[in-house]
Amino acid sequence: MNQRLEAQHRLGGLIQKHYGRAREIERTREQPIAWASTGAPNEILWAMGFFVQFPEAYAATCGARHAAHAHCAVTEARGYERHLCTYCRNSIGASLAEMEGTGAFEPLARPDFLLVSNNSCILITKWWEHLSHYWKIPMINIDSPLVVPGMDRGDIIGHVKRQCIDLIQFLEDFTKKRFDHDRMKEIVENGKRSADGYRGMLDASRHDPVPASFFDLIGHNFPNLVLRYDPASAEHYEQMKTELDMRIAGGVAAAPGMKYRLYWDGVPYWFAIRNLYEKLRNFGMSLVTSTYFEVFAFENLDPSHPLDSVAENTAMFYLNRSVGYKTETTERIFRDFHLDGGVFAYASSCKPFSISMHYIADTVRKKLGAPVTIIEGDLVDETFYDEERNNTKLQALAEALAAKRK
Amino acid sequence: MIVAGLDIGSTTTKAVILGFGQGFGGFYSDSMKPTGIDMPSVSKEVIGEAAGKVRLSFNDIERIVSTGYGRISVPFRTREMTEITCNATGVRKLYPQATLAVDIGGQDSKVIKMDASGRILAFAMNDRCAAGTGQFLEGAARTLGVSIDDLAKISRESKRKITMNSTCAVFAQTEIVSLITGRAKTEDIAAAVHEAVANRVYGLIRSVNPEPAAQIVMTGGVARNAAVVGSLERMLDREILVPNNPQVVTAYGAALLAEDLG
Ligand code: SF4
């Protein structure tokens, strides 16, 4: 964060352009607008000419800009309870504020259609259902069974693919347009190139000293999530890779003098990113990488089988994988990225992310002998953030890492 | 060399002074006071008092390791360290075989799991809720109109088991009031309160997955409460060791770490 990457400026431009375009389309209605979940088969929407926005990414932005609280208050006033997923509360609250004209923080462009998949959690479908109810627009849920041992991978992908075909039929009626297979292929091609670039960006962090920290990289999920249909996304990662390689060649560190390389587990506490970055840096700890990035990897895209690979991408979404798979992935990351310890960020209102955290942390500690700590907070609700105790836990982690080096 | 360990807890500030090296032969002194809002002043007073007991003054202290939630509030510290490391250090010095330390203070409870060499393997702290802490006991004593020391004594008379449903300190107060209204006996309520605290701490202990044969040491203000210790011993089906002055063990560990800083 202290050595600003050129890529940060470019990212700012991409984000601004996307939201500017959203405003324009909202006015002109030249394209239909969809709101979609991260793991849904969104290539289909892009191929059908939709402009796609992401309520989850919007919630993260609201969290980082300390605006989520006001949206959550709107839902609380209507009896939605505090322990409900705060991404969901933020989104419903912002939508209600928009409809009622009380104003939301930089709201998403009003949607015509909603697409969701239950591959991240069950609650998300209920969240979309409420959006559908309030906005009075159709929604489709792509059911994606959990990829757990004993389930046949081919069966799961087939099940998702059949729903993708139904989705296409629905959208053809909805938009009065034919599905364009060539356009789909092109979009999957762009997506594949973007996903490869994204992986290249992540892999640069294997280097010691790390050329860009977790905090530097975290915003760069945006292009691969929101813009991967557009060649601009791949170009962004390709240029970024060049910049990171130059740092590696020149021995430039994201933050000089760091003693320990750390893993982060879970969704970032968006409102506390800077605070955490500074705290960790003071203890000589650098956050290197996280399995959180896997959520935005979209690695199964294959232009030679556009629809199958989009179905596979949806079915094999990281959050839809078994605890065993997630544990193995975490262990692998610890080894490949030469990590010394881990911070596991429990999110009070997101149980799907947090439920396996204790198990994974414990396994890493026992199998790899790496000191770990579990801190407590939330994705966007600042009132769940337990600063005092978290400070103690992070310092205790630093002390454990020092004791281990002795 | 004269060093101090300073543990600034949410309710009480504790200091331990150690003298060692040539010409001293070694000495120990301690003191404590309510924390209040001016942590640096209280800390100076507590260290000064402990120093006074061995005819020294605050200015004679050469190194200070601060710990506890106010650890960074004192500008005169040589270094700050967490309660986790300090408590484990103090416990191991007193009980070299201990592999599980349970520390229950005013607003915090923590459990530290160590290996045979004393290296910290895992730790757990209570969440924001005060249910498994001294504050919970204090609130209950206030509602029952007895002193905190009497609360434990009274509970020994209990003949009838009541289970408290509330795991939250605030709701528990309401529950106690309704138990009083329902004519439950004070001693039975007192016993239920201790059981509730022990239950929360038991959960915390289980979360670090202790070795079945772990030697368990309990420290912190609540360790002086025989009823909580007794309840926990029954739940764990194991003996719990409690040092003579359980409240200053973390400060003692901080002083030992100050000695090591050299
Ligand atoms: S995974 Fe967590 S943040 Fe995402 S919708 Fe489900 S509960 Fe909310």
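Since we're looking at a predicted model, the values are computed, not measured. (Residues numbered from 1 in each chain as written. Chains lettered and ligands numbered in written order. Predicted model: local features only at pLDDT ≥ 70, side-chain atom pairs only at ≥ 80, totals over all residues. Heavy atoms only, no water.)

Student: Looking at this structure, how should I read the pattern of salt bridges?
Tutor: Pairs may arise between side chains of opposite charge once their charged atoms sit close together. Residues and elements named next belong to chain A. A complete count under the given rule lists 44 salt bridges over all chains for this structure. We note a salt bridge from Asp203 to Arg206, for which the minimum N-O separation is 3.3 Å. Judged by relative accessible area, which is 29%, Asp203 ranks as partly exposed. Residue classification places Arg206 among the partly exposed positions, given a relative accessible area of 35%. Each of Asp203, Arg206, Arg332 and Asp336 takes part in salt bridges that share partners, so that together they form one network. (Salt bridge = Lys/Arg side-chain N within 4 Å of Asp/Glu carboxyl O. Buried < 20%, exposed > 50% of the residue type's maximum accessible area, 1.4 Å probe, protein only.)

Student: Explain the confidence of the model for chain B here, please?
Tutor: Detailed conclusions should not be drawn from predicted coordinates in areas where pLDDT is low. Residue-level pLDDT values for chain B average 89, and 95% of them are 70 or greater. In the predicted complex, the global pTM is 0.88; the interface-specific ipTM is 0.79. (pLDDT = per-residue confidence, 0-100.)

Student: Where do I start with the site of the ligand in this structure?
Tutor: Around the ligand, the surrounding shell consists of A:Cys85, A:Tyr87, A:Cys121, A:Ile124, A:Trp127, A:Cys350, A:Pro352 and A:Leu379. Residues that form the shell around the ligand fall into these classes: 8 nonpolar, no polar and no charged. (Near = heavy atom within 4 Å. Nonpolar A, V, L, I, M, F, W, Y, C, P; charged D, E, K, R; others polar.)

Student: Explain the packing of helix H2 (residues 83-94) of chain B against helix H8 (residues 249-260) of chain B to me, please; I cannot follow it from the model alone.
Tutor: Packed helices, taken two at a time, are described by the angle between their axes plus the distance between the axes. Residue and element names in this part refer to chain B. Remark: H2 packs on H8, axes separated minimally by 7 Å, with the N-to-C direction vectors making an angle of 90°. With respect to each other, H2 and H8 are oriented roughly perpendicular. Within the contact between the two elements, H2 uses Glu83, Thr85, Cys86, Asn87, Thr89, Gly90, Val91, Lys93 and Leu94 and H8 uses Val249, Thr250, Tyr252, Gly253, Ala254, Leu256 and Leu257. The residue makeup of the contact of H2 with H8, split by class, is 8 nonpolar, 6 polar and 2 charged. (Axes fitted to C-alpha atoms, helices over the stretch in contact; angles between N-to-C directions. Helix = DSSP H or I, 4+ residues; strand = E, 2+ residues; numbered from the N terminus. Parallel < 35°, antiparallel > 145°, perpendicular 65-115°, else oblique. Contact = heavy atoms within 4.5 Å.)

Student: Help me out: how do you make sense of the nonpolar core in this one?
Tutor: One broad trend across soluble globular proteins is that nonpolar side chains are buried collectively. Among the nonpolar cores identified, the biggest contains 123 residues, and A:Ile44, A:Leu45, A:Tyr87, A:Phe113, A:Leu115, A:Trp270 and A:Leu276 are the most heavily contacted of them. Here this core gets 7 residues from one element, more than from any other, and that element is helix H7 (residues 153-175) of chain A. Ranked by size, the runner-up nonpolar core spans 38 residues in total, among them B:Ala196, B:Ala198, B:Val201 and B:Leu232. (Core = buried A, V, L, I, M, F, W, Y, C linked by side-chain atoms within 4.5 Å.)

Student: Can you help me understand the packing of helix H14 (residues 323-336) of chain A against helix H16 (residues 357-368) of chain A in this one?
Tutor: Residue and element names in this part refer to chain A. Here H14 crosses H16 at 45°, and the two axes come no closer than 10 Å. The orientation of H14 relative to H16 falls into the category oblique. Here H14 and H16 pass one another in a crossing that is right-handed. For the pair formed by H14 and H16, the contact residues are Val323, Lys326, Thr327, Thr330, Glu331, Phe334 and Arg335 on the first element and Tyr359, Ile360, Thr363, Val364, Lys367 and Leu368 on the second. Tallied by class, residues from the contact of H14 with H16 come to 6 nonpolar, 3 polar and 4 charged. (Left-handed = near helix turned anticlockwise from the far one by under 90°.)

Student: Explain the interface of chain A and chain B to me, please; I cannot follow it from the model alone.
Tutor: Many analyses report the size of an interface as the accessible area lost when the parts associate. The interface is formed by 17 residues belonging to chain A together with 20 residues belonging to chain B. When chain A packs against chain B, the two sides together hide about 1600 Å² of surface, and 45% of this comes from carbon and sulfur. Of all residues in chain A, A:Arg389, A:Thr392 and A:Glu399 give up the largest surface area on contact with chain B, accounting jointly for 35% of the area buried on that side. At the junction of chain A with chain B, the criterion picks out 1 salt bridge. The partner of A:Arg389 in a salt bridge is B:Asp108, with the nearest N and O atoms 2.9 Å apart. Those elements giving two or more residues to the side of chain A that touches chain B turn out to be H16, strand S8 (372-377) and helix H17 (387-405) of chain A. Ranked by residue count, the leading element in the side of chain A that touches chain B is H17(A), at 9 residues. Of the residues that constitute the side of chain A that touches chain B, the class distribution is 3 nonpolar, 5 polar and 9 charged. (Buried area = accessible area lost by both parts, 1.4 Å probe.)

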